[in-house]
Amino acid sequence: MHSQIDASDDPQDAVPELLPPSRALVPAPVGAAPEQVRAWFDAAVEASEPIIDGTLASEREAADTYRRMAKAENTRRAYRAAVRAWCAWCARHDLPPLPASGQDVAAFLAGERGRKLSPETLKLRRAAIRYLHRAAGCPVPTDDVCVSETLAGIRREAAKKGQTPRKKVAATATILLRLLAPIASDVRGLRDRAILLVGFAGALRRSELAAIRFEHLEKTDRGIRLTLPQSKGEQTDAVTVPLPYGDTELCPVHALEAWQQAAGLTEGPVFRRIWLPPRPKTVVTGEPPALPRIGTQAISPQTVAQIVQARAMAAGFGRSDLGGHSLKRGALTTGMDHGVHPAKLKRLGRHKSFDVLGEYLEFGDLFDGHPLSGVL
C-alpha cells in the first residue's frame, strides 16, 4: 500500500485536490518556523461539525468547515501527515516551509525517495505541499518544472527496478470458496463470512462495507436492497446496491441473516468488533469459557482489510496477496469471466468510466482468446 488514503489501492485514487478555505482560522504563518506551520495547517484542515449560532462569524466559519468536509477525512489525514513530513525536513535543513521554492520541494521528494518511499506516496506529498501553499495564499512551488521532472525521474527509476504498484489478488468466486472453506460457524466466523460475501456480491469497497447499518437494508422477495448513503463514486447522492439471493454457499443474503441472528442485532452498525473478555485470575473447574462480546460501534475500513487478509492467510495465501479491494476486484473479474457485458460490470462497480473499470479486472491466461488465434 503506497498511500495513507483510505482507498489507496483503489485505481480511482488519483491524488485529490482540496479547495482551500476562503479564510484561515488565523493568519497564515508565512516565513514562520516549521512547527508553527505544521500546527497552523493541522487547524486549517480540521473539519469537525460546525456550530452555528446565527452570527455572521459563526456562519463564515461554518462555510469554511463545509468546504473542508467536501473531501473525506482520510484525505485530510493524509495531507496532514505529508505536511508534517515536509515541515520536519525543512526543520532539519533550516528552511522555511512556507513559502517554499520549487528546488527545495524537488530536494525534499528526492530525499523521501532515498527513504524508500514509493512514487505514489511522493505524488501525495507533492499534492499536500501544493495545498499548504494554496491555503496560505502563497505562490505554489509544486508546479515548477524541476519538481515535475524530479517526480518523472523517480517514477522511471522505480519502473526500471520493477517497483511498480502491485495489485491485490482478485477474490474471484473460485478463490472466495477457498477463503470460506476453513471459516468456523462461530459468531466471529459468521460475521467474517457475511463480510466476504456481501462485499463480493455488492462489489463493495472496504469503507462501504464498514459503514453498512441495518436501516440501509431493505429485504425484498429477490434479495436485499442495500442503500449506500455515500460512496467514493457518489459523494453526495445515495446509491442502491442489489444483494441477490443465491443457490450456493456464496449467497450473501443467507450469510447476512445468519450473522444477524447469531449476534442478535436489529439496529445500528451491521459489522462490529468482536472480542473475548479478560480471563479471570481464578478459573473455576467445569465453568464454561466466556462467550465473545460484540461491540456497539462499526468496524473500521482497515479492520475489513485485516479480516480479508487474515482469512486469506488461513486459506494458504501470502500475507499481502489479498486486501480490502480484493472483493470488489473479484466480483468484477468473475463477471467478466462469465461474459457479462462491460456496461453491466461498470454499473455493478459504480465506476464513472470504462478506463477505471479496466483497472479492477484481473485477466487470466493472456493466450486464451487471443485476438489473432486462428490467424497466426
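See the structure shown above.
Model, not experiment: these values are computed from the prediction.

A.B. asks: Break down the overall build of the protein chain for me, citing the residues and quoting the values.
C.D. replies: On a plain count of helices and strands, the protein chain comes out with 14 helices and 5 strands. By the burial criterion, 44% of the 376 residues in the protein chain qualify as buried. A separation of at least 24 residues holds for 65% of the contacts in the protein chain among residues at least 6 apart in sequence. Here the protein chain displays about 20400 Å² of accessible surface, and carbon together with sulfur accounts for 53% of that area.

A.B. asks: Before we move on, can you summarise the pairing of strand E3 (residues 239-244) with the specific residues and values?
C.D. replies: Remember that side chains alternate between the two faces of the sheet whenever the strand is regular. Every second residue of E3 is oriented toward a common face, the buried set being Val239, Val241 and Leu243 and the non-buried set Thr240, Pro242 and Pro244. Relative to E3, strand E2 (residues 223-228) runs antiparallel, the two being bridged by 6 bridges. Directly across from Leu226, in E3, lies its bridge partner Val241.

A.B. asks: Lay out the sheet that holds strand E1 (residues 217-220) in plain terms, naming residues and giving numbers.
C.D. replies: Pairing is antiparallel across the open sheet formed by 3 strands, whose spatial order is E1-E2-E3. Looking along the sheet, the strands with just one partner apiece sit at the ends: E1 and E3. Neighbouring strand axes in the sheet, compared pairwise and without regard to direction, differ in orientation by 25° on average. On the sheet, helix H10 (residues 252-263) packs against E1, E2 and E3 and is oriented at approximately 95° with respect to E3.

A.B. asks: Lay out the pattern of salt bridges with the relevant residues and their values.
C.D. replies: Under the criterion given, the structure shown has 12 salt bridges. Between Arg84 and Asp42 there is a salt bridge whose closest N-O contact spans 3.2 Å. With a gap of 42 residues between them, Arg84 in helix H3 (residues 73-92) and Asp42 in helix H1 (residues 34-44) connect regions that are remote in the sequence. For Arg84, a relative accessible area of 39% gives the class partly exposed. A salt bridge links Arg205 to Glu208, with the nearest nitrogen and oxygen atoms 3.3 Å apart. Its relative accessible area of 2% is what places Arg205 among the buried residues.

A.B. asks: Explain the packing of aromatic side chains residue by residue, including any values.
C.D. replies: All told, the structure shown has 5 aromatic pairs when counted by the stated rule. Relative to Trp89, the ring of Trp86 lies with its centre 5.6 Å away and its plane at 15°, an arrangement referred to as stacked. Linking Trp86 with Trp89, this pair stays in helix H3, spanning 3 residues, or about one helical turn. Trp89 shares its class with Trp86; the two are buried. Between Trp86 and Phe108, the ring centres sit 5.2 Å apart and the planes meet at 75°, which makes this aromatic pair edge-to-face. Taken together, the positions of Trp86 in helix H3 and Phe108 in helix H4 (residues 102-114) put the pair 22 residues apart, joining distant regions of the chain.

A.B. asks: So what's going on with the nonpolar core? Which residues, and what values?
C.D. replies: Formed by 50 residues in total, the largest nonpolar core has its most connected members in Leu209, Trp259, Phe271 and Leu322. Elements represented by at least two residues in this core include exactly helix H7 (173-180), helix H8 (187-201), helix H9 (206-210), E2, E3, H10, helix H11 (301-314) and helix H12 (326-337). Counting residues per element, this core draws most heavily on H8, which supplies 9 residues. If we skip the residues at most four places from it in the chain, Phe271 touches Arg191, Ala194, Ile195, Val198, Leu209, Ile212, Leu256, Trp259, Gln297, Ala298 and Ile299. Among the nonpolar cores identified, the runner-up in size contains 35 residues, and Ala44, Ala78, Phe108 and Ala135 belong to it.

A.B. asks: So what's going on with H10? Which residues, and what values?
C.D. replies: The end-to-end C-alpha separation of H10 is 16 Å, in line with the 16 Å expected for 12 residues at 1.5 Å each. Those residues of H10 that sit buried are Pro252, Val253, Ala255, Leu256, Trp259 and Ala263. Along H10, the residues classed as buried sweep out an arc of 165° about the axis, all on the same side. At its buried positions, H10 is contacted by H8, E1, E2, E3, strand E4 (272-275) and strand E5 (293-298). In the stretch just after H10, Gly264 is the one whose phi turns positive, near 70°.

A.B. asks: For the environment of Glu59, give the residues involved together with the corresponding values.
C.D. replies: With respect to the helices and strands, the residue Glu59 is situated in helix H2 (residues 56-68). Not counting residues up to four positions away in its chain, the partners in contact with Glu59 are Ile52 and Gly54.

A.B. asks: Would you mind going over the side chain of Arg113 in detail, with residue names and values included?
C.D. replies: Within the secondary structure layout, Arg113 lies in helix H4. Apart from the residues within four sequence positions on either side, Arg113 is in contact with Ser118, Pro119, Leu122, Ile154, Glu157, Ala158 and Gln163.

Conventions and cut-offs
- Residues numbered from 1 in each chain as written.
- Predicted model: local features only at pLDDT ≥ 70, side-chain atom pairs only at ≥ 80, totals over all residues.
- Heavy atoms only, no water.
- Helix = DSSP H or I, 4+ residues; strand = E, 2+ residues; numbered from the N terminus.
- Buried < 20%, exposed > 50% of the residue type's maximum accessible area, 1.4 Å probe, protein only.
- Contact = heavy atoms within 4.5 Å.
- Areas by Shrake-Rupley, 256 points an atom, 1.4 Å probe, with all protein chains shown as cover.
- Pairing = 2+ DSSP bridges.
- Axes fitted to C-alpha atoms, helices over the stretch in contact; angles between N-to-C directions.
- Salt bridge = Lys/Arg side-chain N within 4 Å of Asp/Glu carboxyl O.
- Phe/Tyr/Trp six-rings, centres within 6.5 Å; stacked < 30°, edge-to-face > 60°.
- Core = buried A, V, L, I, M, F, W, Y, C linked by side-chain atoms within 4.5 Å.
- Expected span 1.5 Å × (residues − 1).
- Arc of directions from axis to C-beta.

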